[in-house]
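Breakdown of the fold
Each chain, letter by letter, is given below.
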Amino acid sequence: MNTYQTLQQKALGVAFVLAPLLMVLGSAAYVLGIGLTPFGTDSWVDGIFAGYGFMLMIPVTFELARILGQRAPVFGLICAILGLGWAMSTVAAALKIVQMGIVNAGLNESIWSVMETAPGGLLLMLPSLLAFVGFLALGAGLLWKGGIPRWAALLMIVGSVLFFLGVAGGAEIAAWQTKVLTPLATIAYLAALAPIGLRYLAGESTVYELEVAAA
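Residues numbered from 1 in each chain as written. Predicted model: local features only at pLDDT ≥ 70, side-chain atom pairs only at ≥ 80, totals over all residues. Heavy atoms only, no water.

**Things to note about the side chain of Lys96**
As for its position among the elements, Lys96 is in helix 4 (residues 86-104). One polar contact links Lys96 to Asp46, side chain to side chain, over a distance of 2.8 Å. Once residues within four sequence positions are removed from consideration, Lys96 is found in contact with Thr37, Asp42, Ser43, Trp44, Asp46, Gly47 and Trp112. (Helix = DSSP H or I, 4+ residues; strand = E, 2+ residues; numbered from the N terminus. Polar contact = N/O pair within 3.5 Å; in protein donor to acceptor, adjacent residues only side chain to side chain. Contact = heavy atoms within 4.5 Å.)

In structure tokens form, the structure reads like this:
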């Protein structure tokens with residue numbers, strides 16, 4: 001492994017730890033009422049933390065898809081493609097910040113109500129929901145084929161289900177969904193991904209590589 005590859009593994013390790021940790025911090029800010037909008041449905045502080053967390057989930061997903069792809073190439077590629085949806089999740093996070101801009105401009109309107117009536121709004125945000133579906137599929141694939149600890153793959157599945165339920169519903173979303181399910185989802189992600197990231201930082205990423213028998 002050359003110097004670049006070593007540094008790349010270290011960077012991936014940071015992403016595996018930081019991505020879910022930022023999402024946990026964002027959820028905690030919302031639960032604690034930090035930076036809440038007047039509607040009480042969002043926190044601009046959560047939007048900042050979550051936005052960076054979602055962005056870092058892209059390399060995390062690609063790396064996990066690579067590991068799965070060694071065992072199930074087509075399945076791994078599909079999960080990698082769905083993982084691009086995390087990029088659109090950053091848009092949803094940014095809208096939480098835009099909400100405060102709308103309020104400060106004197107407009108009493110929920111950004112989510114606006115998005116539901118905006119032309120193309122659903123098409124824009126659909127990849128974001130598919131990212132959670134893809135991560136669930138990734139967890140299922142790794143649970144089935146191996147590559148990471150089974151408990152980590154199971155936590156990926158649980159976290160994805162909770163996250164999807166926590167954000168589904170748009171403007172009509174129930175408070176308990178965002179205050180209970182979403183934080184639990186981020187904690188599940190952190191428990192699943194952080195140990196993998198720590199092994200990458202320690203230079204032990206080879207434990208996740210598929211051993212190919214010598215010819």
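That shown, we press on.
**Considering helix 7 (residues 150-167)**
For helix 7, which comprises 18 residues, the first-to-last C-alpha distance of 26 Å matches the rise-based estimate of 26 Å (1.5 Å per residue) to within 8%. For helix 7, the set of buried residues is Ala152, Ala153, Met156, Ile157, Gly159, Ser160, Leu162, Phe163 and Gly166. (Expected span 1.5 Å × (residues − 1). Buried < 20%, exposed > 50% of the residue type's maximum accessible area, 1.4 Å probe, protein only.)

**Let's talk about the pattern of salt bridges**
One pass over the structure, following the stated rule, counts three salt bridges. Here Asp46 and Lys96 are joined by a salt bridge, their closest N and O atoms 2.8 Å apart. In this pair, Asp46 sits in helix 2 (residues 44-69) while Lys96 sits in helix 4, placing the two residues 50 residues apart along the sequence. Exposure class is identical for Asp46 and Lys96. Each is buried. (Salt bridge = Lys/Arg side-chain N within 4 Å of Asp/Glu carboxyl O.)

**Points about the packing of helix 2 against helix 6 (residues 121-145)**
The geometry of helix 2 relative to helix 6 is characterised by a closest axis approach of 10 Å and an angle of 30° between their N-to-C directions. Regarding the angle of helix 2 to helix 6, the classification is roughly parallel. In the crossing of helix 2 with helix 6, the sense of the turn from one axis to the other is left-handed. Contacts between helix 2 and helix 6 involve Met57, Thr61, Leu64, Ala65, Ile67 and Leu68 from the first element and Phe135, Leu138, Gly141, Leu142 and Lys145 from the second. (Axes fitted to C-alpha atoms, helices over the stretch in contact; angles between N-to-C directions. Parallel < 35°, antiparallel > 145°, perpendicular 65-115°, else oblique. Left-handed = near helix turned anticlockwise from the far one by under 90°.)

**Some thoughts on the packing of aromatic side chains**
A complete count under the given rule lists eight aromatic pairs for this structure. Taking the centre distance of 6.0 Å and the plane angle of 85° together, the rings of Trp86 and Phe135 count as edge-to-face. Taken together, the residues Trp86 in helix 4 and Phe135 in helix 6 connect sequence positions 49 residues apart. Residue Phe135 is classed as buried on the basis of its relative accessible area, which comes to 0%. Through a chain of ring-to-ring contacts, three or more aromatic side chains come together here, namely Phe54, Trp86, Phe132, Phe135, Phe163 and Tyr189. The residue whose ring lies beneath Lys145 is Trp144, and the NZ or CZ to ring-centre distance is 4.2 Å. Positioned over the ring face of Tyr30 is Lys179, at 6.0 Å from the centre of the ring. (Phe/Tyr/Trp six-rings, centres within 6.5 Å; stacked < 30°, edge-to-face > 60°. Lys NZ or Arg CZ within 6 Å of the ring centre and 35° of its normal.)

**Points about the packing of helix 4 against helix 6**
Here helix 4 crosses helix 6 at 120°, and the two axes come no closer than 7 Å. The orientation of helix 4 with respect to helix 6, classified from their angle, is oblique. Crossing handedness for the pair helix 4 and helix 6: left-handed. In this structure, helix 4 uses Trp86, Met88, Ser89, Val91 and Ala92 to contact helix 6, whose residues at the interface are Leu124, Met125, Pro127, Ser128, Ala131, Phe132 and Phe135. Of the residues assigned to the contact of helix 4 with helix 6, the class counts are 10 nonpolar, two polar and no charged. (Nonpolar A, V, L, I, M, F, W, Y, C, P; charged D, E, K, R; others polar.)

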